[in-house]
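Now for the letters of each chain:
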Amino acid sequence: MPELPEVETIVSELNAALPGSAITGTRVFRDNALGGVPVADFQEALAGRVFERVRRRGKFLVFDFRDGGHMIGHLRMTGKFILSPPLTQPHAHHRVWFHLDNGRLLIFQDARCFGTLAIVERLADHAPLQRLGMEPLSSGFTAKWVAAALRQSKTPLKIWLMDQSRIAGLGNIYASEILFRASLSPMRPAHTVTGGEPARLHRATRRTLREAIHHNGTTISDFRRVDDKTGGFQDFLRVYGKQGQPCPRCRAPIVKARQQQRSTFFCPSCQR
Ligand SMILES: [Zn+2]
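Rules used in this analysis
- Residues numbered from 1 in each chain as written.
- Predicted model: local features only at pLDDT ≥ 70, side-chain atom pairs only at ≥ 80, totals over all residues.
- Heavy atoms only, no water.
- Domains from an automatic or database assignment.
- Contact = heavy atoms within 4.5 Å.
- Buried area = accessible area lost by both parts, 1.4 Å probe.
- Salt bridge = Lys/Arg side-chain N within 4 Å of Asp/Glu carboxyl O.
- Polar contact = N/O pair within 3.5 Å; in protein donor to acceptor, adjacent residues only side chain to side chain.
- Helix = DSSP H or I, 4+ residues; strand = E, 2+ residues; numbered from the N terminus.
- Donors = N, O, S within 2.8 Å, 3.2 Å for Na, K, Ca; no water.
- Buried < 20%, exposed > 50% of the residue type's maximum accessible area, 1.4 Å probe, protein only.
- Pairing = 2+ DSSP bridges.
- Axes fitted to C-alpha atoms, helices over the stretch in contact; angles between N-to-C directions.
- Phe/Tyr/Trp six-rings, centres within 6.5 Å; stacked < 30°, edge-to-face > 60°.
- Lys NZ or Arg CZ within 6 Å of the ring centre and 35° of its normal.

Chemist: For the domain arrangement of the protein, give the residues involved together with the corresponding values.
Modeler: Taken domain by domain, the protein comprises domain 1 (4–130) and domain 2 (143–266). The straight-line distance from the C-alpha centre of domain 1 to that of domain 2 is 29 Å. On the side of domain 2, 17 residues touch domain 1, which itself brings 17 residues to the contact. Counting the surface lost from both domain 1 and domain 2, the interface buries some 1500 Å², and carbon and sulfur atoms represent 64% of this. On the domain 1 side of the contact with domain 2, Pro 5, Glu 6 and Glu 13 bury the most area, a combined 34% of that side's loss. Across the pair Lys 80 and Asp 222 runs a salt bridge, and its minimum N-O distance is 2.7 Å. Counting every contact that joins domain 1 to domain 2 gives seven residue pairs in polar contact (both at pLDDT 80 or more). Those elements giving two or more residues to the side of domain 1 that touches domain 2 turn out to be helix 1 (4–15) and strand 5 (79–84). The biggest single contributor to the side of domain 1 that touches domain 2 is helix 1, with eight residues.

Below is the structure:
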């Protein structure tokens, strides 16, 4: 699933192309993403709207329209936004085509159909967006904030990092990578992380996310950029998907464990 760095990559690429272009027509090939909104209503809500800019909030893409409305997208497992020259036929996984007045197509593609698209006039009308917690790259995310938030929870660290209502944007890959870089065990109850450790977790979070954005995100299986290129951070992963391989720091074998039905990768020898 795309996480903060992947969504950030897509957002900046869309921002290089979309602002100022108007939607001249919308075609829906499969309506799973619309959450029960009738196709005709979705099309009508978008007709003639002009893109102002695209932003990221957590793992959501927020498309701001010039007249004040918004389209809010979530890629879930396999959703993608692609910018394409005009096409005559949709490909198998194309779900929605947005025709733009500059002749190009914005395509929402989604093989597994868990992705979502919603049109709202005010961001306050979108409940999932309102439930998101702290942005880890914002100025409010400080070592002090991390220390205070850790004290209030007994949740294991990896699960703690992935709770979108606490910190928005982290998923399975980056939670594992951040905890390795912070030398903290994914099983540690949050409130036991004290002293200099919260600052280490804060620093590892920022550094890992910034480095991943610099490399345009991670492509393990599915993530693609808007031009269909892959990300590059998979070459810099230290523990994710590396069970049995030697830890890059201490050479002990990396272990794969399960936490809440998700895989966790860590070094039991240097993550304490
Ligand atoms: Zn190690």
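Chemist: Hey, could you go over the coordination of the zinc ion for me, with residue numbers and the actual values?
Modeler: Distances from the zinc ion to its protein donors, Cys 247 (SG), Cys 250 (SG), Cys 267 (SG) and Cys 270 (SG), fall at 2.2 to 2.4 Å. When the donors of the zinc ion are listed by position in the chain, the intervening gaps give C-x2-C-x16-C-x2-C. Here the residue Cys 247 occupies a position in the loop between helix 7 (197–214) and strand 9 (255–259), and Cys 270 occupies one in the segment after strand 10 (262–266), the gap between them amounting to 23 residues. A residue is classified by how much of its surface remains accessible, and Cys 247, at 0% relative accessible area, is buried.

Chemist: Lay out the pattern of salt bridges with the relevant residues and their values.
Modeler: Once their charged atoms are close, side chains differing in charge can pair, the charge on each being opposite to the other. For the structure on display, the rule yields 15 salt bridges. Among the ionic pairs, Arg 55 bridges to Asp 64, the shortest N-O distance being 2.8 Å. Beyond isolated ion pairs, a larger network of salt bridges with shared partners links Glu 8, Arg 56, Arg 57 and Glu 135.

Chemist: Any details on the sheet that holds strand 2 (residues 51–57)? Residues and values, ideally.
Modeler: Sheet architecture is open: four strands sit in the order 2-3-4-8, paired in antiparallel fashion. Pairing within the sheet leaves two strands with one partner each, and these edge strands are strand 2 and strand 8 (116–120). Going across the sheet, the axis of each strand differs from the next one's by a mean of 20°, ignoring polarity. The pairing of strand 3 (residues 60–65) with strand 4 (residues 70–74) spans five bridges and is classified as antiparallel. Residue pairing across strands places Phe 60 opposite His 74, the latter belonging to strand 4. The sheet contacts of helix 2 (residues 39–46) involve strand 3, strand 4 and strand 8, and relative to strand 8 the element is tilted by about 55°.

Chemist: Can you lay out the packing of aromatic side chains for me, pointing to particular residues and giving the numbers?
Modeler: Throughout the structure, instances matching the rule amount to 10 aromatic pairs. The interplanar angle of 45° and the centroid separation of 5.1 Å between the aromatic rings of Phe 81 and Phe 108 together place this pair among those described as tilted. Taken together, the residues span a long stretch of sequence, with Phe 81 in strand 5 and Phe 108 in strand 7 (residues 105–110) at a distance of 27 residues. Neither residue differs from the other here; Phe 81 and Phe 108 are each classed as buried. Joined through ring pairs, the aromatic side chains of Phe 51, Phe 63, Phe 65, Phe 81 and Phe 108 make up one cluster. A cation over an aromatic ring shows up here: Arg 249 above the ring of Phe 180, its NZ or CZ 4.2 Å from the ring centre.

Chemist: Now, about unusual backbone geometry: what can you tell me, with residues and values included?
Modeler: In the Ramachandran plot, Cys 113 falls in the positive-phi region, its phi being about 65° despite a non-glycine side chain. Looking at the secondary structure, you find Cys 113 in the loop between strand 7 and strand 8.

Chemist: Can you tell me about the pairing of strand 5, naming the residues and giving the values?
Modeler: Regular strands place their side chains on alternate faces of the sheet. When you tally the buried positions in strand 5, you get six out of six residues, the bulk of the element. Residues Gly 79, Phe 81 and Leu 83 line one face of strand 5 and the alternating positions Lys 80, Ile 82 and Ser 84 line the opposite face, and both faces are buried. Alignment of strand 5 against strand 7, held across six bridges, turns out to be antiparallel. Among the inter-strand pairings, Ile 82 is bridged to a residue of strand 7, identified as Ile 107.

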